[in-house]
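As a plain string of letters, each chain reads:
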Amino acid sequence: QQQVKQSPQSLIVQKGGISIINCAYENTAFDYFPWYQQFPGKGPALLIAIRPDVSEKKEGRFTISFNKSAKQFSLHIMDSQPGDSATYFCAAKGAYGGSQGNLIFGKGTKLSVKP
Amino acid sequence: EAGVTQFPSHSVIEKGQTVTLRCDPISGHDNLYWYRRVMGKEIKFLLHFVKESKQDESGMPNNRFLAERTGGTYSTLKVQPAELEDSGVYFCASSRVVGDRGGTQYFGPGTRLTVL
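The structure reproduced in this document is the subject of the present report. (Residues numbered from 1 in each chain as written. Chains lettered and ligands numbered in written order. Predicted model: local features only at pLDDT ≥ 70, side-chain atom pairs only at ≥ 80, totals over all residues. Heavy atoms only, no water.)

**Points about the state of the cysteines**
All names here are of chain A. Across all of its chains, the model carries two disulfides over all chains by this definition. Note on cysteine connectivity: C23 is disulfide-linked to C90, with sulfurs 1.8 Å apart. Classification of the bridge connecting C23 and C90 rests on its S-S torsion, roughly -95 degrees, and on that basis the disulfide is left-handed. Remark: C90 occurs in strand 9 (residues 86–94) and C23 occurs in strand 3 (residues 19–25); sequence separation between them is 67 residues. (Disulfide = S-S within 2.5 Å. Helix = DSSP H or I, 4+ residues; strand = E, 2+ residues; numbered from the N terminus.)

**Section: the nonpolar core**
All names here are of chain A. If you look at the biggest cluster of nonpolar residues, it comprises 24 residues, and the most contacted ones within it are F33, W35, F73, L75 and Y88. Examining the composition of this core, we find that four residues originate from one element, strand 9, more than from any other. Excluding residues within four positions of it along the chain, L75 makes contact with S19, I20, I21, W35, L47, I48, F62, T63 and Y88. (Core = buried A, V, L, I, M, F, W, Y, C linked by side-chain atoms within 4.5 Å. Buried < 20%, exposed > 50% of the residue type's maximum accessible area, 1.4 Å probe, protein only. Contact = heavy atoms within 4.5 Å.)

**Section: a nonpolar patch on the surface**
All names here are of chain A. Residues I18, I20 and M78 make up a contiguous nonpolar surface patch of about 240 Å² in total accessible area. Counting through the fold element by element, I20 comes out in strand 3. Given the relative accessible area of 36%, I20 is considered partly exposed. (Patch = residues over 30% accessible without salt bridge, like charges linked within 9 Å, V, L, I, M, F, W, Y side chains within 5 Å. Areas by Shrake-Rupley, 256 points an atom, 1.4 Å probe, with all protein chains shown as cover. Salt bridge = Lys/Arg side-chain N within 4 Å of Asp/Glu carboxyl O.)

**Focus: the environment of L46 of chain A**
Structurally, L46 of chain A is set in strand 5 (residues 45–50). For the pair L46 of chain A and Y88 of chain A, spaced 42 residues apart in sequence, the C-alpha to C-alpha distance is 9.9 Å.

Have a look at this one:
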């Protein structure tokens with residue numbers, strides 16, 4: 001049973017375009033939703049994160065949109081650049097209490113930005 | 001500040017052999033996590049240490065996997081005996097404090113394990 005569903009599996013975007021990756025979750029106890037970016041040969045690195053008390057968070061060209069009622073969140077990359085080509089993972093985590101420290105990941109989206 | 005390091009970066013072993021993976025977290029990080037990504041699937045949680053104690057090992061697949069964290073510093077993950085389905089990339093992550101609600105987890109580069 002997959003608790004965080006991510007789509008699409010792969011995405012090709014032209015330079016300057018908008019990349020959109022979507023995630024949906026099941027567990028309403030999740031209260032922290034990070035996006036990780038992974039380049040080949042490297043580990044995932046935190047890109048941007050949101051908590052469910054806000055509907056949008058923007059950091060530079062990266063924006064998370066969050067829809068609590070639909071249990072969905074998405075990553076938008078504006079003005080996509082070839083250097084953004086990487087695998088992106090959405091994740092979720094429960095409120096810390098006892099053992100709920102682990103992240104639950106989506107399957108990842110491989111983004112290619114064409115020059 | 002040095003990041004999370006993992007050793008080895010790659011390991012190729014035969015079914016039935018033993019392999020030990022090592023993780024050195026960021027200095028001062030009490031929380032240490034192990035995750036695994038099997039090809040084409042999501043990154044899955046294996047276990048969580050707080051200092052030297054196992055906080056949550058609910059993701060460990062079976063008793064062929066043994067994790068330790070000596071003195072609350074580095075951690076090892078031993079697979080004995082290895083099976084074909086153990087192949088994948090094993091990530092280690094660490095975060096600063098216990099009870100940090102957000103608790104940014106910093107990931108190492110991973111160990112790619114191939115069991116033949």
